[in-house]
Amino acid sequence: MKTFFAAALLAAAAAAQPHAVPAQDAHQQHTPKAQESASGAEEVLRRGEPIGDSSRVAFADALKEPQRYAGKTVVIEGVVRRVCQAEGCWVEIGPKGEGEGSVRVTFDHKFSVPKDASEMNFRAEGKLKVKTLSKERVEHLVKDDGAKIKTKPDGTADEVTFLATGVELWK
Ligand SMILES: [Cu+2]
């Protein structure tokens, strides 16, 4: 009886195998790839396409002269200030340490980041975009949303956004 039971268990295990494999594969797609570099000093969370060797632009420079980098593919680095609390589909990043200004980074809804990624270091490759906000729009954002916006003499302001193809986050 004991032998039969063991054989039955083995058969059951073998039968379960074909189902177990695809289920595991499907799950791995959602697992952060950070484990790959577990032996490294820092654990990096990657989303989207791998970051290539586009020129690195310091956060402060990007904000100071956004027109200079607009439309070019660059790598920008900063610290996460806010994350979309609905789906993690955008982050607002600021400079490391002291410093003003922020850039909203979106992912074209191709991937998302953890909603608790606030305060993490952040690096993204993609394109910087500068949009001029009208005087009315600026006033609305400042008055109603409490936004801090550096306005130009005519009351308009440059809003800098970044469309990322890939991001990296680490603590
Ligand atoms: Cu969102």
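This one's a predicted model, so the numbers in the text were calculated from it and none came from an experiment.

Asker: For this particular structure, what's the right way to read the pairing of strand 4 (residues 90–94)?
Answerer: Only one face of strand 4 is buried: it carries V91 and I93, and the other face, with W90, E92 and G94, is open. The pairing of strand 3 (residues 73–83) with strand 4 spans four bridges and is classified as antiparallel. Bridge pairing in strand 4 links V83 to V91. What sits between strand 3 and strand 4 in their antiparallel hairpin is a turn of six residues, with G88 showing a positive phi close to 70°.

Asker: Help me understand unusual backbone geometry in this model?
Answerer: The general pattern is negative phi for most residues beyond glycine and trans for most peptide bonds. In this model, D108 sits at a positive phi of 55°, which is unusual for a non-glycine residue. Within the secondary structure, D108 sits in the loop between strand 5 (103–106) and strand 6 (121–133). At E119, a position not held by glycine, the phi torsion is positive, near 80°. On the basis of neighbour counts, which here come to 10 C-beta atoms within 10 Å, the residue E119 falls in the exposed class.

Asker: Just checking my understanding: could you explain the nonpolar core for this structure?
Answerer: The tendency in soluble globular proteins is for nonpolar side chains to be buried as a group. Counting residues in each nonpolar core, the largest one holds 22 residues, and the members touching the most others are A62, V91, V103, V105, F122, A124 and F162. Secondary structure elements with two or more residues in this core: helix 2 (59–64), strand 3, strand 4, strand 5, strand 6 and strand 7 (157–170). Per-element tally for this core: the top contributor is strand 7, with five residues. For F162, the contacting residues outside a window of four places in its chain are I76, V103, V105, A124, G126 and L128.

Rules used throughout
- Residues numbered from 1 in each chain as written.
- Predicted model: local features only at pLDDT ≥ 70, side-chain atom pairs only at ≥ 80, totals over all residues.
- Buried ≥ 20, exposed ≤ 12 C-beta atoms within 10 Å, placed from the backbone.
- Helix = DSSP H or I, 4+ residues; strand = E, 2+ residues; numbered from the N terminus.
- Pairing = 2+ DSSP bridges.
- Core = buried A, V, L, I, M, F, W, Y, C linked by C-beta atoms within 7 Å.
- Contact = placed C-beta atoms within 7 Å.

Without other data, these values stay purely geometric and don't point to any function.
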